[in-house]
Every structure is written in structure tokens, then in C-alpha cells.
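Observations on the model geometry
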Amino acid sequence: MTDNTLIHLAKGDAVCQLSPASGGSIKALECGGVPVLRRKDGDHTLDMACFPMLPFANRIAHGRIRLNGQDRAIRVDPLSAPHAIHGHGWQRVWSVEEAGPDHATLRLDEATDEANAWPWPYTAWQTFTLERDCLWIDMTIENRHESEAMPAGFGIHPYFARSPQSTVTANAEVMWFNDPTGLAVHPQESGLFSGAPVGIDALEGLDNFFVAPDPCIVIGGPEWTVTLSGPGAGFHVYCPGDEDYFCIEPVSHAPNSFGRGEWGPQDLVPAGERRSLRYRIAFQC
């Protein structure tokens, strides 16, 4: 497989392109010729329509995980210094384990080494299943460490084309506020998302996490409606004021919860075991 090889999935009027070499990402998702996620030229992961976040999502303060009374160092990304961000999957080349007309499974094998500074070897899979009106993304992590439990978080990072008609509908009563470095440090009640559509202008400048167990988020646009759903802790809103896109990112854990040493039973995978999570991107065009 060459670096720019894409996997093409189709079902009815729905079309999905996957780029294993660009972080195991979604290059394009369309319905009846209408882009459901933003479409951009380029082969870098940040040019994709959606990329995976694993084995953690969002930022971890100063690349330090607090586990069993010890600090474990992980690599700090230059894009998010002084913090680590979004795991490793989005910066790796994935292999194709299986591909069919409307489904594909990508695989990532990560060993412990100085390049990624992740103390636990693991294998991850993404299985994409395209239906006429939705895309299912099944993510799995297997902890290959001989004896230690491994932290494991999941998330997806979809980009949506921004327009004056863009809206987001969700229920979330708490928002995490950030320090000047972008790290979430303080939760506080928020009335922004109360089940009614929120216009894009109200989201401008946000780079914040909203607490919403097992979120279901509806994104409205001029030509489509998208519903994001999947089990997790909430969603992150990224809406830079100087870009033609915005991001709504469902994730399995709160930002920097691994750095604070706040663990739920779903956040640790025992040695030799697997954990999975399923996201759904439903669309109407």
C-alpha cells in the first residue's frame, strides 16, 4: 500500500473514504454527493474529515499520567506543548486488516519505545461500517503489557464545515474552563447546551469540554443534519474564530483525568485484555 492509498466504502448514496496512512482517519464522508464532514485537500491528519483519539483524548498535563501513586511520562506533542494531546493513533500509519465494499478494519500495533514514550504496548483496531444513513466506528484497544493495567481512552475528532446556519444541539450542564495553556482545570455550571439549538456564533472561540454522559449531539447545517452518539463522558467543542470549520468531539473521559489520577472502571484495561467502544455518525441530507 502506498502512502496516499485510500479505502473507498459505499452504501446506497453514502460514500466514505478512509486514509490508513494519515492516522487511520476518515478522508471524506458524503451523502448523495453532499459532504457530511468538511472536505479539504492534503494528506496530513489535520487535513482529514475525522481522526481517532486513542489511547487518550484531549490534553494530559505536562505529559504525566498519575497511576497507582506514580507519575508515568508520556510524549509531549509540539502542537500542544507543554501538554500531551490526543494519543498516538492520529499520528501513526495504520494497516488494513480487512476491507469490503461497505466496511473496513484498520489496525495499529504500538510498542513501548522512546519515540512515543508510552509505557504500555498495545494493539488498536478501528472497524468502519457504512450504512445508507450512518457510519459506525468501532474502536478496540488490547493491552499487551505482561502484567500492568493500561490506561485507555477513546474519542473521535470530526470536522464540520462552518456556515452562518450551523447549529449544535445537546444537553450538558457543566463546562470545564481552561488555563492559558489550554488545559482544562475547573468545572462550572453552564447553561449553553440545554436541549435547544445553539447557533455557531455562540460557540466561537470555544475550546472546552462539556460533561454529558453518553452524549447525543445534533449538528445542523444548510444541507444536512448529523447526529453523533456513543458512550462516554461528554464532548469537546473546538470552534476557532479564524477558520471555516468547527469540531464536536465525543470522548470517553474528561480532559486530563488521567493526569489527575481520576480513574473510572472503563479507563483501565487489565494486562492481556481488550476494551471497545462504538460511535455512530448518522446523517440526513
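Scroll up to find the structure this text is about.
Everything in this summary refers to the structure shown in the same document. Treat the numbers as computed from the prediction; the structure is a model and nothing was measured. (Residues numbered from 1 in each chain as written. Predicted model: local features only at pLDDT ≥ 70, side-chain atom pairs only at ≥ 80, totals over all residues. Heavy atoms only, no water.)

What follows is about the packing of aromatic side chains. Centre-to-centre distance and the angle between the planes together describe a pair of aromatic rings. All chains considered together, the criterion is met by twelve aromatic pairs. On the numbers, 6.4 Å between centres and 50 degrees between planes, the contact of Phe-51 with Tyr-159 is tilted. On the criterion of sequence distance, the pair formed by Phe-51 in strand 5 (residues 50-53) and Tyr-159 in strand 15 (residues 155-161) is long-range, its members being 108 residues apart. The exposure class assigned to Phe-51 is buried, which follows from its relative accessible area of 2%. What links up through ring pairs into an aromatic cluster is the set Phe-51, Trp-90, Tyr-159, Tyr-238 and Tyr-245. Stacked on the ring of Trp-136, the Lys or Arg Arg-278 has its end atom at 4.2 Å from the ring centre. (Phe/Tyr/Trp six-rings, centres within 6.5 Å; stacked < 30°, edge-to-face > 60°. Helix = DSSP H or I, 4+ residues; strand = E, 2+ residues; numbered from the N terminus. Buried < 20%, exposed > 50% of the residue type's maximum accessible area, 1.4 Å probe, protein only. Lys NZ or Arg CZ within 6 Å of the ring centre and 35° of its normal.)

On the secondary structure map, Glu-110 appears in strand 11 (residues 103-110). Here the side chain of Glu-110 touches Arg-92 through a polar contact of 3.1 Å, side chain to side chain. (Polar contact = N/O pair within 3.5 Å; in protein donor to acceptor, adjacent residues only side chain to side chain.)

Taking strand neighbours across the sheet as the criterion, the nine strands line up as 10-11-12-13-26-22-21-16-19 in an open arrangement whose pairing is antiparallel. A single partner strand is all that each edge strand has here, and the edge strands are strand 10 (95-99) and strand 19 (198-199). Bridge analysis of strand 11 against strand 12 (residues 122-130) gives eight bridges, and the strand direction is antiparallel. Bridge pairing in strand 12 links Leu-108 to Ala-124. (Pairing = 2+ DSSP bridges.)

This brings us to the pairing of strand 22 (residues 225-229). The alternating pattern of strand 22 places Val-226 and Leu-228 on a buried face, while none of Thr-225, Thr-227 and Ser-229, on the opposite face, is buried. Pairing geometry for strand 21 (residues 216-220) and strand 22, over five bridges, is antiparallel. Paired with Ile-217 across the bridge in strand 22 is Leu-228. Where strand 21 folds back on strand 22, the antiparallel hairpin that results is connected by four residues. In the sheet, strand 22 pairs with strand 26 (residues 274-284) via five bridges, with the strands oriented antiparallel. For Ser-229, the partnering residue across the bridge sits in strand 26 and is Arg-280.

What is shown is where atoms sit, not what they do.
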